[in-house]
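Reading the structure
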2 protein chains.
Amino acid sequence: MSKHLVRYTKMQSFTEENYLKIIYHLSQNNEGSVQTNAIAEKMQTRAASVTDMLRKLSEKELILYKKYQGAHLTPAGRQTAINVIRKHRLWEVFLVEKLNFKWDEVHDIAEELEHINSQELVERLDEFLAFPKNDPHGDPIPDKNGNFDFVPFIKLSKLKKDDRGLIMGVSEHSSAFLKHLEKLGLTLGKSLTISTINQFDGSVEITVEEKKISVTREIAKHILIRI
Amino acid sequence: MSKHLVRYTKMQSFTEENYLKIIYHLSQNNEGSVQTNAIAEKMQTRAASVTDMLRKLSEKELILYKKYQGAHLTPAGRQTAINVIRKHRLWEVFLVEKLNFKWDEVHDIAEELEHINSQELVERLDEFLAFPKNDPHGDPIPDKNGNFDFVPFIKLSKLKKDDRGLIMGVSEHSSAFLKHLEKLGLTLGKSLTISTINQFDGSVEITVEEKKISVTREIAKHILIRI
DNA sequence: TTAATTTTTTAGATTTGTCTAAACATTTAG
DNA sequence: CTAAATGTTTAGACAAATCTAAAAAATTAA
């Protein structure tokens, strides 16, 4: 009778998608080609495994790869990566807005959901969520054509004394980090002013809703501000 | 120092979950042990592959298996299977109720979503959907303890002339079948009466909302009725 | 500019889930 | 009750993604 099991004639496997996504993120941070070791660290695997996968992705023309020269995404590879990121961020919005998860609880679940394979599903989810522009951590959600609504952020650690700004995002998604911010009252949309910059250790004292809060340099580096 | 038995729920792979789910369904249809060939057909694979997997599932104590004797689920195996089925059916409700998919469009997407791994996600989804009792095809959704709200159905093909009943479900989820039913106006909740049973080919003529419809025996076998 | 260090690649194995071909076991029919 | 048909398992292989160990290339430092 009917075929109940979906035959995975999928373009990319979960693993391939994860490699492309990581190569995309790494090439955002530092322009240029992405190194084998950097990928290995993010993928929690060995450099040898990365080399094998780079060769495979290169054969599929999703990346440009020359031995010892690192990797670059091709347009097709970038397209795939952005689509995975789009799905990840839309699912995060769903989890927070509809299922009442906290912003520090959604990353791992979205890591799984981002690989669900249905263009129709993504577009309907986007519509159901009223076409959100940002995910719960402030990251922009690309539209269905892969275009980002780019807003320039500045790291809190780069601000000067008396600068004012709005918290627009974070560049670190671990539960521990996000819970810490929550405890300090440093959530998206909050307005802050730099009171003091400690020259000794780079920590900053900021004022948020009339309260003074001290933040280490390491944390300040991961808080994104729009002035 | 006390010896702590860490009881970690060993993650099953997608494939293992699909085998368990299929063994569960097959053992519902015909009581007793499930045959290798039957599993092979549903899994769209070869009997040899099934044998390998049965041995593996048996080692993990998810099934009872003796060579040439077929397979039975253990309580642990049944638990896993029912959990996958619960997720599948909840996601189907989500797709139809929230994302406006049609009942014939959701099966394949739910086949992927059912493997997403988060107990918290399932429970919150259940709550978000207001604890539905049945999926869009009428199948009962087990609660979080694995208990079904059992309602006895009769196949339309088993009804006698002049019997009346309500369409409560279908036992075939292919898009082609469901689209066909939709075209005939045979959707969940509709009331029908048997007008004629054709002795030659087993087809039945039924009356639904004052209209006479003829249905082949093959189709009638997959329509579930509550008298 | 050699030498030491770091990074990357190769070679060979392993695991998972699959396959074909052939052997073996069970069931059914004459 | 044997023989044929059906159903199941074994044996051996393969592709994907990973691993370790070791070789090779590139980079950095003395």
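Residues numbered from 1 in each chain as written. Chains lettered and ligands numbered in written order. Predicted model: local features only at pLDDT ≥ 70, side-chain atom pairs only at ≥ 80, totals over all residues. Heavy atoms only, no water.

This paragraph deals with the relation of the copies chain A and chain B. The two copies are related by a screw operation: chain A maps onto chain B through 180 degrees of rotation and 0.0 Å of translation along the axis, at an RMSD of 0.3 Å. In short, the pair behaves as if placed about a two-fold rotation axis. Within chain A, Leu113(A) has its C-alpha nearest the rotation axis, a separation of 3.8 Å. Both copies contact each other with a shared surface, as 72% of the interface residues of chain A are interface residues in chain B too. (Least-squares fit on C-alpha atoms with pLDDT ≥ 70 in both. Contact = heavy atoms within 4.5 Å.)

Residue and element names in this part refer to chain B. One way to put it is that helix α1 (residues 14-29) packs onto helix α3 (residues 47-59) with a least axis distance of 11 Å and a crossing angle of 95 degrees. In terms of orientation, α1 lies roughly perpendicular with respect to α3. Of α3, the residues touching α1 (which contributes Thr-15, Glu-16, Tyr-19, Leu-20 and Ile-23) are Ser-49, Val-50, Met-53, Leu-54, Lys-56 and Leu-57. Taken together, the residues of the contact of α1 with α3 sort by class into 7 nonpolar, 2 polar and 2 charged. (Axes fitted to C-alpha atoms, helices over the stretch in contact; angles between N-to-C directions. Helix = DSSP H or I, 4+ residues; strand = E, 2+ residues; numbered from the N terminus. Parallel < 35°, antiparallel > 145°, perpendicular 65-115°, else oblique. Nonpolar A, V, L, I, M, F, W, Y, C, P; charged D, E, K, R; others polar.)

Let's shift gears to the protein's contact with DNA strand D. Around DNA strand D sit 21 residues in total, of which Thr45(A), Ser49(A), Lys56(A), Arg55(B) and Tyr65(B) are the nearest. Of all DNA strand D atoms lying within 4 Å of any protein atom, the proportion belonging to sugar or phosphate reaches 76%. Thr45(A) places a side-chain nitrogen or oxygen 2.2 Å from a phosphate oxygen of DNA strand D. In this structure, Tyr68(B) approaches DNA strand D through a main-chain N or O atom, which is 2.8 Å from a phosphate oxygen. Secondary-structure elements contributing two or more residues to the surface near DNA strand D are α1 (14-29) and α3 (47-59) of chain A together with α2 (36-43) and α3 of chain B. Of the residues assigned to the surface near DNA strand D, the class counts are 8 nonpolar, 8 polar and 5 charged. (Near = heavy atom within 4 Å. Polar contact = N/O pair within 3.5 Å; in protein donor to acceptor, adjacent residues only side chain to side chain.)

Positionally, Lys190(A) belongs in the loop between α7 (175-184) and β5 (191-197). The spatial distance from the C-alpha of Lys190(A) to the C-alpha of Pro75(A) is 37 Å, given a sequence separation of 115 residues.

Another aspect to go through is the interface of chain A and chain B. Counting residues at the interface gives 29 residues for chain A, matched by 34 residues for chain B. Of the roughly 2700 Å² buried at the junction of chain A and chain B (both faces included), carbon and sulfur atoms supply 68%. Counting every contact that joins chain A to chain B gives 0 salt bridges. At the boundary of chain A with chain B, the tally comes to 6 residue pairs in polar contact (both at pLDDT 80 or more). (Buried area = accessible area lost by both parts, 1.4 Å probe. Salt bridge = Lys/Arg side-chain N within 4 Å of Asp/Glu carboxyl O.)

Bringing the confidence of the model for chain A into the picture now. Residues and elements named next belong to chain A. For chain A, the mean per-residue pLDDT works out to 91, and 95% of the residues sit at or above 70. The element-level mean pLDDT for chain A is lowest in α1, coming to 92, with helix α6 (residues 119-128) highest at 97. Note that residues 1-10 has pLDDT below 50 and, in this model, 23 contacts with residues that lie over four places away or in other chains. (pLDDT = per-residue confidence, 0-100.)

Bringing the sheet that holds strand β3 (residues 154-155) of chain B into the picture now. All names here are of chain B. Spatially, β3-β8-β4-β5-β6-β7 is the arrangement adopted by the 6 strands of the open sheet, whose pairing is antiparallel. In the strand order of this sheet, the two ends are held by β3 and β7 (211-215), each with one partner. Two strands pair when backbone bridges link them, and strand β4 (residues 164-170) and strand β5 (residues 191-197) are joined in this way by 3 bridges, in the antiparallel orientation. The residue bridging Arg-164 from the neighbouring strand is Thr-193, located in β5. (Pairing = 2+ DSSP bridges.)

The next thing to look at is the protein's contact with DNA strand C. Surveying the vicinity of DNA strand C reveals 21 residues, the closest of which are Arg55(A), Tyr65(A), Ser13(B), Thr45(B) and Lys56(B). Atoms of DNA strand C within 4 Å of the protein: sugar and phosphate make up 78%, bases the balance. Within the backbone of Asn37(A), a nitrogen or oxygen atom sits 2.7 Å from a phosphate oxygen of DNA strand C. Of all the elements in the fold, those that place two or more residues in the surface near DNA strand C are α2 (36-43) and α3 of chain A together with α1 and α3 of chain B. Per-element tally for the surface near DNA strand C: the top contributor is α3(B), with 5 residues. Partitioning the surface near DNA strand C into residue classes produces 8 nonpolar, 8 polar and 5 charged.

Now for the pairing of strand β4 (residues 164-170) of chain A. In the sheet, β4(A) pairs with strand β8 (residues 223-226) of chain A via 4 bridges, with the strands oriented antiparallel. Its bridge partner lying in β8(A), Gly169(A) is registered against Leu224(A).

The subject of this paragraph is the pattern of salt bridges. All names here are of chain B. Counted under the stated rule, the structure contains 26 salt bridges over all chains. As a salt-bridge pair, Asp-52 and Arg-55 come within 3.9 Å of each other at their nearest N and O atoms. Residue Asp-52 and its partner Arg-55 are both found in helix α3; the two are separated by 3 residues, about one turn of the helix. A residue is classified by how much of its surface remains accessible, and Arg-55, at 40% relative accessible area, is partly exposed. Residues Glu-209 and Lys-190 are paired through a salt bridge, measuring 3.8 Å at the closest nitrogen-oxygen approach. Taken together, the residues span a long stretch of sequence, with Glu-209 in the loop between β6 (204-208) and β7 and Lys-190 in the loop between α7 (175-184) and β5 at a distance of 19 residues. (Buried < 20%, exposed > 50% of the residue type's maximum accessible area, 1.4 Å probe, protein only.)

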